[in-house]
Structure formats: structure tokens, C-alpha cells
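Letter by letter, the chains look like this.
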Amino acid sequence: MSTPNNVARLPGFRDFVPEDLALRDRLFDAWRRISRRYGFLEYDGPPLEPLDLYTRKSGEEIVGQLYSFTDKGDREVALRPEMTPSLARILGERSRSMPKPIRWFSVPQLFRYERQQRGRLREHFQWNVDLLGEAGVAADAEVLAVALDGLREVGLRSEDVRARVSDRRLLAALLRSLGVPEERLEAAYGVVDKMEREPADRILESLTDPEGVGLDRGAARRVVELFEVPTLDGIEASFGEREEVARSLEEIRTFMSILAELGFGDFVEFDLTIVRGLAYYTGIVFEVFDRRGEFRAICGGGRYDDLLERVGGEPLSAVGFGMGDVVLGELLKERELTPEYRREVDFFIVSIGEQQLPLARRIARVQRENGRSVVYPLRKQSVRKQFSAAAAEGAREVLVLGPEEVGEGIAVLRDMRSGDERKVELEHLLEVPEPEAKDALPERMRS
Ligand code: HAM
């Protein structure tokens, strides 16, 4: 809430207090772990890009949602609403010299000026996984396997989520065979995308609208009927003699069987209504949803073989997906799969008197160098207050420095869970780490 002295957060943006960050960290950790398990390398790009990058490539829907402005140098710029155009730009400059296939992933924060609603905010984090330089359907299957493994890693099973898969080439071939002219295909995709949400008469209206798809009523009815039996076998029986349909069907079947070999057969279903809102997809497309249909898409992706060439790079086939943290977070909360937030430090050092504070700081310094987390009071406090501070910090152990014990060269260590106490030698607590321990540091931090 905004008061005269209090500037409110912008709508559609989130604060991440430590409790909320625990869930975000859990997702990011799982996403990074799974990406690496499939041999993907992490990259990033700038959050601000030239406006042109999106107006030319992403399609109208996303362009209408851009956070764009003119910067102080008179450049037309936009906050990135998705990562794929940046990836195409980055690789367009360097992919020629890179060994293929390229396996890259990223976890960018993205910005879209959308109407705020459940599952849709104006910023979100999105796991992007893309495989480039491999045109075969095994690459499409590998990429979807990464997405599904990412969901499994945070506790979701095939009973919870399903990937709905289609192929834009198949859809195009079917629509063409039903009389949709080439230049009206985009408009027809838009209608197919709404089939699930809109009543049949509205769909018929859009299909016959001369400004839209412009079909006659008979052709429009046949398009609607196509979606009444949208199984692979059904399509094969009616349209299988058309070569492009037969080729697409075979590819989808191979795709499904590879996913079954990879252990994800139960997650995947063919669904001809999946077209994807973005303009650049050219082949297999997919979206992942919760099985109960309560939430919006958790993840979407597919093949986009022309995009790199269109941003000035080499012709490079590509397939990938984006998975957002918002819908996934909501689903995990609903299924009670979110991590329990716990505040934790290894030690809290209680000083009985002020005189022990310098020693407390020396012990803290050495123990921190040893990799432990240590907190001590920053000012004089009663022992009772120090113990309640230790509990509030989630200290596993409390080290008590009393004048008598310190005089004898010892301190008392209390396990906060069991209440057990034992004596430890100060000399031991002040032992500096062995030089070999440096090997554990990343190279750039070693002196
Ligand atoms: P997208 O379908 O626009 O695809 O977004 C992918 C996922 O990001 C969605 O399924 C959803 O979970 C999440 N998402 C999108 N917009 C929002 C929003 N406003 N608030 C919360 N979550 C959102 C792409 O962005 C493609 N570039 C993905 C891709 C990568 N295709 C190939 N490689």
C-alpha cells in the first residue's frame, strides 16, 4: 500500500524476501543441475536490447507487451521479454566457429507488460534450454526430456504434469489440404490456438471472417471436424496419403518413442491444438501443463530453424524451451512441494562478559575462514538475550565464553537441539585452516 512516505512496488513485480528466495533458489538449483546433467553450458546476455531485435522476430503478441523506451542516446531499446532473440543474436555473431551441436542454457529475468493475472506477471525468471546445429528429431526429444526432468527434479510426476506436443508443419499441411491459403495460415494458427477456450460458433465465425481466415462455411466446418478426432491414427486414416502429412506423422511418432526410451513416455501426448504464440517456430512445438488444467502453461518451446539466419547468422537449426518460475511456483505451492524455509547458522557465540568479545571475534574469524557460519552479538547483551538471539538465528550450536572457562583455556559448546553440552579447547577453536584447504577454492580466489 502506498502512503505519502511509502513508494509502492510496481504492479506485476515481486519482492523476494529470504523466505520467497528459498523457493526461487530451489528452482534455479534444480534447473542448473538438470541442464548440466544433459551437457548444457550456461550463458547470459544483457537485460536491455535494441527494440529492433523483437519487432522483427518475435511476433505481434510479444511486441505489444514490450517495455520499450528511447534511451538518453536516442536509441530505441526494450527490456528483454524473452531470451530466444538474444540467443540468436549472440550465436549469430559466433556460431560459425563453434563445434555443433551447441547446448546452451540460461536463467534470465524477463519483462512483459502483460495484464497481471494468475500465473502472469510483468517480470519472471525463465529457464531457457536450447540445442542448436542438429536438425534431427532426436534433438527435439532431448530438449523436451530436459524440461520434464527439470519438473521431476522438483517433485512433479507424470500424474501431475503432461507435455502437449504438435508440429506446425503437420498443422500447416492439414490446413492447406482443407483449403486454407498459404497467406492465411498465420491467421488460422491464431484460431486453432483459441479452440480450447472458445465455443464452436465463435471458432466458425473466425474461420469464415473475410478479414481473418476467410474460408467458406463448408471448409470451416471441415477444419473444426479435424480437431474433433485429433489422434495420430485418426489423422493418418484421413490424410495419410498426403506426403507432407505422412512425413510429419512419422517424425512425431519417432519423437514420442525417443521420449519413451528416455523415461518420459507417460508425460507426453499428441495435441493438434498446440501452436504457440511466437512467430518463429517451424516444426515440433510443445507446452507443459498441470494435468488438472488449473494453471496456465508451465513451459513452452519447439523448433525454430530460421531464426538465426534471420538475425544475420549462419543458417542453423535450433530447438529449445522456456520454463517460467511463476506458474511452476504456484503449482508447487498447491501440491505442497515447496521447501521449508529454515534460518540456520553453525555457531552463535555467547559472551558472558564484555571482556570475552575480542576473543569471540577471533574465534568467529577463524571459524569463518574454516567455512562455518558464525554470528555473535554486536553489542553488550544479557546472556538470556544472547540465547534468544541464537535461537532466532537458527544456531545449531552455541559456544559459551565465560571468564572462568576462558581462564582455563576452554569454552562450552551447547547443541541447541539436544541441549547436550561439551567442553572444547580454545586452542582448537583458534586453529587456522590448513594450506591445502585452499584447493577447495575456485582458482581465481587462490593467492
Ligand atoms: P513463452 O511461451 O512465451 O516462450 O514463455 C515460456 C514460459 O514462460 C511460459 O510457459 C510461462 O511459464 C512463462 N511466462 C511467459 N510469460 C510470462 C509472464 N508474463 N509471467 C509469468 N510467466 C511467464 C518463450 O518465451 C520462448 N522464447 C521459449 C523458447 C526458448 N523457445 C525456444 N527456446
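Higher on the page you've got the structure.
By convention here, each chain's residues receive numbers from 1 onward along its written sequence. A pLDDT threshold of at least 70 governs which residues receive local features in this predicted model, and a stricter bar of 80 or more applies before side-chain atom pairs are shown or counted, although totals over entire chains, interfaces and linings include all residues. Neither water nor hydrogens contribute to the side-chain values; these are computed over all heavy atoms in the structure.

A. Representation of the sheet that holds strand S17 (residues 421-425) within the structure. When DSSP locates at least two bridges between a pair of strands, those strands are taken to pair. Labels follow the DSSP assignment, with helices taken as runs of H or I lasting at least four residues and strands as runs of E lasting at least two, numbered in each case from the N terminus. Ordered in space as S14-S13-S15-S16-S17, the 5 strands form an open sheet in which the pairing is mixed. Edge strands, defined here as strands with exactly one partner in the open sheet, are strand S14 (374-375) and S17. Note that strand S16 (residues 410-415) and S17 share 5 bridges and pair antiparallel. Note on S17: the bridge partner recorded for Leu413 is Arg422. On top of the sheet, helix H14 (residues 357-369) reaches strand S13 (345-351), S14 and strand S15 (395-401); it is set at about 165° to S13, its chief contact. Only heavy atoms matter for contacts: two residues are in contact if any of them lie within 4.5 Å across the pair. Axis definition: a line fit to C-alpha positions, over the contact stretch in the case of helices; interaxial angles, taken between N-to-C directions, run 0 to 180 degrees. Against the sheet, helix H15 (residues 383-393) touches S13, S14, S15 and S16, its axis set at about 175° to S13.

B. Seen up close, the layout of surface pockets. By volume, the second largest pocket amounts to about 270 Å³. Note on definitions: the grid is 1 Å and covers protein atoms alone; a cavity is a set of points where a 1.4 Å probe fits but cannot get out; a pocket is an open set with protein on both sides within 12 Å along at least five of seven lines; lining residues have an atom within 4 Å of a point. In terms of lining residues, the second largest pocket is bounded by 14 residues, among which Arg14, Phe16, Leu23, Asp325 and Lys333 are the most central. Of all the secondary structure elements, the ones that give two or more residues to the lining of the second largest pocket are helix H1 (18-37) and helix H13 (325-334). Its residues placed into classes, the lining of the second largest pocket shows 5 nonpolar, 1 polar and 8 charged. Grid points are joined across faces, edges and corners, and a volume is the space filled by probe spheres set on the points. Any residue that is not Ala, Val, Leu, Ile, Met, Phe, Trp, Tyr, Cys, Pro, Asp, Glu, Lys or Arg is counted as polar, Gly included; the first ten are nonpolar and the last four charged.

C. Up close: the sheet that holds strand S2 (residues 48-50). The antiparallel open sheet is built from 3 strands, whose spatial order is S2-S4-S3. Because the sheet does not close on itself, it has two edges, and the strands there are S2 and strand S3 (68-70). Neighbouring strand axes in the sheet, compared pairwise and without regard to direction, differ in orientation by 35° on average. Pairing analysis gives 3 bridges linking S2 to strand S4 (residues 76-79), with the strands arranged antiparallel. Residue Leu48 lies in a different strand from S4, and its bridge partner there is Leu79.

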